[in-house]
Amino acid sequence: SYGSVFTHAKAGMENVDRERVARVVYDATVGTPHHENETRKERATSKRIAAMKAKGQGMTKTEWETFGRRADERARAMERTRSGARKWLVVDMDGFYAACEELYDPALKSVPVGVAAGPSSVLTTANYVARKYGVRAAMPGFIAKKLCPDLVFVKPDFKKYVKASNESRGVFAQYNPDYIAGSLDEAYIEVTEYCEKHDTTMEAIAEEIRSKVKEATGGLTCSVGGGCSRRLAKVCSDFNKPNGQYILGTTRDDILKFLRDLPVRKMYGIGKTLERILNEFDIKTCGDLLAKRATMLALFTPKAFDFLLGIALGIGTECHPRETPEGSGGRKGVSKSETFKATADKAYLDAKMTELATEVALECQRLNLKGRMVAVKLKRSTFDVIQRQTTLAGPTNDVKTIVNSALRLMRNENSIGANMTLRLVGA
DNA sequence: GCGGATCAC
DNA sequence: TATGGTGATCCGC
Ligand SMILES: Nc1ccn([C@H]2C[C@H](O)[C@@H](COP(=O)(O)OP(=O)(O)OP(=O)(O)O)O2)c(=O)n1
Ligand SMILES: [Mg+2]
C-alpha cells in the first residue's frame, strides 16, 4: 500500500512516528480482504499511470512543444481572470466530534479519544492527544487501539454536533447571512462587503469569529483561513490548525509564493490517488504543478487540466456558487446504507434492502423530494462495490415503487452466477 | 443513461 | 476478530 491515507501530514500529526504507524497499520491489515481490495485498486491506478506515461513517451518533440505553447496560453487566459477583490474566510472546527464530546465530559480532554461506533468500526475523528500517536479519522478502531492502547472510544452523538454547529452558524451569520455551510463543522463566509462597510480586515474578523465561536459553543475552538477565493481560504484554514488562523495576501505574488512549496495533497479535490499519479510525474507541490503544465495538458482531460491549472495559479472559486448556474441547485440524492456481518442469506438481504429503501422513500417524503432514479449499492465480503441503477418512468417518492425497484436491482445481481456474500447494502 | 472510481467530511 | 455513512462529481463507454 502506498499508505498515504494514514501517513500523510494532517493537523496535529507533524511529529508522528510515521514509520511506526506504517508498520503497525501494515501488520494489522496485510492478508485481510480489505487489504486485498486496496491493493487491487492500487494495481488499477498503476495501470492508469502506465498508460499515461506511454502516451507521454509516444509523443514527438514537436507535439510537446505544441502542448507547451497551448498550456502557456491557457495559463495566460486564466491569469486574465485573476482577481484579488473578494475576501473569503473558511472556518473549520478543531477535532470537531471529539471536541463536542469533551464539552460534555471534560475528563476526556486529557486522554486520547477516538469517536467511533465501535472498535471494529472506523474513527470519525480523534482528538489532538490521540493524533500524536498517529490515530486519525477513517482509521479502524482496532488499529487505532494498537497505535494507542490507552485510546478511549466514544460513540458518535449527532445531537451534540448539530447543536454546536447551529451555535457556530449564529456567529457566521453576523458577518454574512449567505454563508455556505460545508459540513456541520465548516463554513465559507464571504466578508468582502462586511470589510468595506465596517472598515475592517479578514485578520480582525477571523480573531472575532474564533472568540465568538468559542463563547457561543461553550468552549469549542476553530481555525480560520482567509484569502481571495474559497479554495485559498480553505487551504489556509488548515495552515495554523488547531485554534489558529492564517490570512493569505491577495496579490499574485503572495499567492504564488504560498503555493510554490505547498504539497498538492493539501488542496481540496486532490486525494490519495491523484497525489500518487502526480508524484509519478515528479509533481509534489503546487509549484511543480505550474512548472509541468504542459505535461498536465497532454495527459489529463480538459476539465482535470483546468482544475489543476487553477490550483497551480491560485485562481478559481472566487465567487459565491450562487453566482454560477451549477451552484444554485438543491440536493441531488438521498441514500441509506448499512454494513453487517457478511452473509449470502437472501431473506436477510431482502429484508435489509426493504428496510433501507423504505427509509429513503420516507426521507424523500419528509424533504418533499422526488427521485427520477433508484440506485442500489452492494458491497461484497471482498469489499468490492457494485452499484446498479434504474431510471423510473417519472419522479416519485412512493415507498412501494422505490422498494420494488431496489429489490429488483439487487435480486437481478444476486441471480447472476453464484449468490453473492454481501457485507453492505444500500439504496 | 450506466457503472466504476475518487473525494470530502 | 475486526475497515462507516452520506453526498457529490467525473470519466469512459
Ligand atoms: N472521514 C471522516 C472525516 C470527518 N468526519 C467528521 C468527524 C469530524 O469531526 C468532522 C469534521 O471533519 P474535519 O476533517 O474537519 O476533522 P476534525 O474537525 O475532526 O479535525 P480538524 O481539527 O483536523 O479539523 O467530520 C467523518 O465523519 N469522517
Ligand atoms: Mg474540523
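As named in an unreviewed UniProt entry, chain A is DNA polymerase kappa, taken from Ostreococcus lucimarinus.

1. A few points about the protein's contact with DNA strand B
DNA strand B sits among 22 residues. The nearest are Ser183, Lys234, Gly269, Leu274 and Gln389. Note that a phosphate oxygen of DNA strand B is positioned 3.1 Å from one of the backbone N or O atoms of Thr273. Between DNA strand B and the protein, one listed contact pairs a phosphate oxygen with a backbone N or O atom of Gln387 at 3.1 Å. Contributing elements (two or more residues each) for the surface near DNA strand B: helix H3 (33–57), helix H13 (272–280) and strand E11 (385–396). For the surface near DNA strand B, the element with the most residues is E11, which contributes six residues. In the surface near DNA strand B, the residues fall into five nonpolar, nine polar and eight charged.

2. Some words on the packing of aromatic side chains
Overall, the coordinates contain 12 aromatic pairs when judged by the stated rule. Aromatic side chains Tyr246 and Phe258 sit 5.6 Å apart centroid to centroid with 20 degrees between the ring planes, which places their arrangement in the stacked category. One end of the pair, Tyr246, is in strand E8 (residues 245–247); the other, Phe258, is in helix H12 (residues 252–260), with 12 residues separating them in the sequence. Residue classification places Phe258 among the buried positions, given a relative accessible area of 11%. Through a chain of ring-to-ring contacts, three or more aromatic side chains come together here, namely Phe96, Tyr97, Phe158 and Tyr161. Looking at Lys53, its charged tip hangs above the ring of Phe281, at a distance of 6.0 Å from the centre. Its guanidinium or amino end placed over the ring of Tyr128, Arg131 lies 4.2 Å from that ring's centre, counting from NZ or CZ.

3. Focus: the domain arrangement of chain A
In terms of domains, chain A is made up of domain 1 (1–52 + 112–149), domain 2 (59–82 + 256–313), domain 3 (88–92 + 158–249) and domain 4 (337–426). For domain 1 and domain 4, the distance between their C-alpha centres works out to 29 Å. Taken residue by residue, the interface counts four residues in domain 1 and four residues in domain 4. Here domain 1 packs against domain 4, burying approximately 290 Å² in sum over the two surfaces, 67% of which is carbon and sulfur. Three residues, Pro33, His34 and Asn37, lead the burial of domain 1 against domain 4; their summed loss comes to 89% of the area buried on that side.

4. As for the pattern of salt bridges
Within this structure, the stated rule accounts for 31 salt bridges. Between Lys41 and Glu38 there is a salt bridge, with the nearest N and O atoms lying 3.5 Å from each other. Taken together, the residues Lys41 and Glu38, both in helix H3 and three residues apart, mark about one turn of the helix. When salt bridges that share partners are traced, they join Glu101, Asp157, Lys159 and Lys160 into one network.

5. Description of unusual backbone geometry
When glycine is set aside, most residues are seen to have a negative phi, and most peptide bonds are trans. The omega angle of the peptide bond from Lys241 to Pro242 is -5 degrees, so this bond is cis rather than trans. For Pro242, the location among the structural elements is in the loop between helix H11 (230–237) and E8. For Asn368, which is not glycine, the phi dihedral falls at a positive 60 degrees. Inspection of the secondary structure assignment puts Asn368 in the loop between helix H17 (346–367) and strand E10 (371–380). Positive phi outside glycine occurs at Phe383, with the angle close to 75 degrees. For Phe383, the position within the fold is in the loop between E10 and E11.

6. A closer look at H17
Since there are 3.6 residues in each turn of an α-helix, residues three or four apart along the chain are aligned in direction. The end-to-end C-alpha separation of H17 is 31 Å, in line with the 32 Å expected for 22 residues at 1.5 Å each. All of the buried residues along H17 are Leu349, Asp350, Lys352, Met353, Leu356, Ala357, Val360, Ala361, Glu363 and Cys364. Around the axis of H17, the buried residues are gathered within 165 degrees of arc, so they sit on the same side. Turned more than 90 degrees off the buried face of H17, the exposed positions are Ala347 and Arg366. In this structure Asp345 caps H17, since a side-chain oxygen of it lies 3.0 Å from the backbone nitrogen of Ala347. Trailing H17 by a residue or two, Asn368 shows a phi angle of about 60 degrees, which is positive.

7. Re the side chain of Glu413
Its location among the elements puts Glu413 in helix H18 (residues 399–415). Overall, Glu413 belongs to the buried group, its relative accessible area being 12%. Contact partners of Glu413, with chain neighbours within four places excluded, come to Leu378, Ile386, Arg388 and Met420.

8. A few points about the site of ligand 1
Residues in close proximity to ligand 1 total 14 residues, the closest being Lys10, Gly95, Thr125, Tyr128 and Arg131. Thr125 has a polar side-chain atom sitting 2.6 Å from an oxygen atom of ligand 1. Out of a free accessible area of 560 Å², ligand 1 has 71% covered by protein chains. Those elements that provide at least two residues to the shell around ligand 1 are strand E1 (88–93), helix H5 (96–104) and helix H6 (128–131). Residues of the shell around ligand 1, tallied by class, amount to five nonpolar, three polar and six charged. Inspection of the shell around ligand 1 shows a minimum of three residues originating in each of domain 1 (1–52 + 112–149) and domain 3 (88–92 + 158–249).

9. Section: the sheet that holds strand E4 (residues 152–154)
The strand order across the open sheet formed by three strands is E3-E2-E4, and the pairing between neighbours is mixed. The sheet is open, and its two borders are formed by strand E3 (125–126) and E4, each paired with just one other strand. Pairing between strand E2 (residues 113–115) and E3: two bridges, direction antiparallel. Following the sheet pairing, Gly114 is matched in E3 by Ala126.

Parameters at a glance
- Residues numbered from 1 in each chain as written.
- Chains lettered and ligands numbered in written order.
- Predicted model: local features only at pLDDT ≥ 70, side-chain atom pairs only at ≥ 80, totals over all residues.
- Heavy atoms only, no water.
- Near = heavy atom within 4 Å.
- Polar contact = N/O pair within 3.5 Å; in protein donor to acceptor, adjacent residues only side chain to side chain.
- Helix = DSSP H or I, 4+ residues; strand = E, 2+ residues; numbered from the N terminus.
- Nonpolar A, V, L, I, M, F, W, Y, C, P; charged D, E, K, R; others polar.
- Phe/Tyr/Trp six-rings, centres within 6.5 Å; stacked < 30°, edge-to-face > 60°.
- Buried < 20%, exposed > 50% of the residue type's maximum accessible area, 1.4 Å probe, protein only.
- Lys NZ or Arg CZ within 6 Å of the ring centre and 35° of its normal.
- Domains from an automatic or database assignment.
- Contact = heavy atoms within 4.5 Å.
- Buried area = accessible area lost by both parts, 1.4 Å probe.
- Salt bridge = Lys/Arg side-chain N within 4 Å of Asp/Glu carboxyl O.
- Expected span 1.5 Å × (residues − 1).
- Arc of directions from axis to C-beta.
- Areas by Shrake-Rupley, 256 points an atom, 1.4 Å probe, with all protein chains shown as cover.
- Pairing = 2+ DSSP bridges.

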